[in-house]
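Structure assessment
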Amino acid sequence: MQEKDTLLAQCEREEERLQFTSFSRADALALGLRLVEDAKAFPDPVAVEITVNGLVVFRYFPDGARLDSELWLARKRRSVELMDMSSLHFLAWLEANGETLESRKLPADDYAAGGGGFPIRVRGTGMIGSVCVSGLPDHRDYHRLVTGALAALCV
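So, a few notes on the structure that sits alongside this text. From a predicted model like this one, the values you see are computed outputs, not experimental measurements.

1. What about the nonpolar core?
Ranked by internal contacts, the top residues of the largest apolar core, which has 26 residues, are Phe 23, Leu 31, Leu 35, Ile 120, Val 131, Val 133 and Leu 150. At the level of elements, α2 (25–39), β1 (47–52), β3 (117–122), β4 (126–134) and α5 (139–153) are the ones that each hand at least two residues to this core. Those residues in contact with Leu 150 that sit more than four places away from it in its chain are Leu 18, Phe 20, Leu 31, Phe 118 and Val 131. By size, the runner-up hydrophobic cluster in this structure holds 7 residues, among which are Met 85, Phe 90, Leu 94 and Tyr 111.

Here is the structure:
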């Protein structure tokens, strides 16, 4: 996972595997509650946001969450929506192509390339929303938190 191509390939495989056959707002609630519970394993408070068809259907900021988590959730969501890929995939894609947010004319105040944002996809339909988390110091922890919760529910 340390080589750029390996991270890129891993993200592509995860996004192919972690898709739903259907996804409702009740599923969003289950996913959100799962993430809130799983995030308790970390010492830092983790904010969670889930969108479906452009509507925020789940959002939670635990006690101690920083105010800037809301900004980071929005940056990650916009990156997922723009690129139709996870925000960690976006980071790997930028690195593999020798690019940066700046070289693509994407303001860092509006977009984020790093872990914590993941597309919600329905097989045969495509991306219908996103799940994003914020509050941890390591972007790979973000990614593992989200993919772990998705893997538990995408069965």
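2. Considering the packing of helix α3 (residues 68–83) against helix α4 (residues 87–96)
Relative placement of two packed helices is described by the angle separating their axes and the distance separating the axes. Where α3 contacts α4, the two axes come as close as 9 Å, and the packing angle between them is 65°. What the angle tells us is that α3 and α4 run roughly perpendicular. In this structure, α3 meets α4 at a crossing whose hand is left-handed. Touching Lys 76, Ser 79, Val 80 and Met 83 of α3 are Ser 87, Phe 90 and Trp 93, all from α4. For the contact of α3 with α4, the per-class residue count stands at 4 nonpolar, 2 polar and 1 charged.

3. Section: the pairing of β4
Most of β4 is tucked away: 7 of the 9 residues are buried. Two elements, β1 and β4, share 6 bridges in a ladder whose sense is antiparallel. Considered in β4, the bridge of Val 52 is made with Gly 129. Here 6 bridges tie β3 to β4, and the two strands are oriented antiparallel to one another. Within β4, the position partnered with Gly 117 by the bridge is Cys 132. Linkage of β3 to β4, two consecutive antiparallel strands, is achieved through a turn of 3 residues, within which Gly 124 is found at a positive phi near 85°.

4. Digging into the packing of aromatic side chains
In this description, an aromatic ring pair is defined by two values, namely the gap between the centres and the angle between the planes. Applying the stated criterion to the full structure yields 2 aromatic pairs. The ring of Trp 72 has Arg 75 sitting right over it, with the charged end atom 4.4 Å from the ring centre.

5. Some remarks on the environment of Cys 154
Here Cys 154 shows up in the segment after α5. Residue classification places Cys 154 among the buried positions, given a relative accessible area of 17%. A sequence separation of 46 residues divides Cys 154 from Ala 108, and the C-alpha atoms of the two residues are 32 Å apart. The contacts of Cys 154, once residues within four sequence positions are left out, are Leu 18, Gln 19 and Phe 20.

6. Structural notes on the layout of surface pockets
A probe as big as a water molecule, rolled over the atoms, marks out the empty space that is left. Reported here for the largest pocket is a volume of approximately 170 Å³. Around the largest pocket sit Pro 45, Gly 64, Arg 66, Asp 68, Ser 69, Trp 72, Lys 76, Ser 134, Gly 135, Leu 136 and Tyr 142, which together line it.

7. Quick word on α4
The element α4 is extensively covered by neighbouring structure, given that 7 of its 10 residues are classed as buried. Along α4, the residues classified as buried are Ser 87, Leu 88, His 89, Phe 90, Leu 91, Ala 92 and Leu 94. Count one or two residues on from α4 and you reach Gly 98, which has phi positive near 65°.

Rules behind the numbers
- Residues numbered from 1 in each chain as written.
- Predicted model: local features only at pLDDT ≥ 70, side-chain atom pairs only at ≥ 80, totals over all residues.
- Heavy atoms only, no water.
- Core = buried A, V, L, I, M, F, W, Y, C linked by side-chain atoms within 4.5 Å.
- Buried < 20%, exposed > 50% of the residue type's maximum accessible area, 1.4 Å probe, protein only.
- Helix = DSSP H or I, 4+ residues; strand = E, 2+ residues; numbered from the N terminus.
- Contact = heavy atoms within 4.5 Å.
- Axes fitted to C-alpha atoms, helices over the stretch in contact; angles between N-to-C directions.
- Parallel < 35°, antiparallel > 145°, perpendicular 65-115°, else oblique.
- Left-handed = near helix turned anticlockwise from the far one by under 90°.
- Nonpolar A, V, L, I, M, F, W, Y, C, P; charged D, E, K, R; others polar.
- Pairing = 2+ DSSP bridges.
- Phe/Tyr/Trp six-rings, centres within 6.5 Å; stacked < 30°, edge-to-face > 60°.
- Lys NZ or Arg CZ within 6 Å of the ring centre and 35° of its normal.
- 1 Å grid on protein atoms, 1.4 Å probe; cavity = no way out; pocket = protein on both sides within 12 Å on 5 of 7 lines; lining within 4 Å.
- Points joined across faces, edges and corners; volume = space filled by probe spheres on them.

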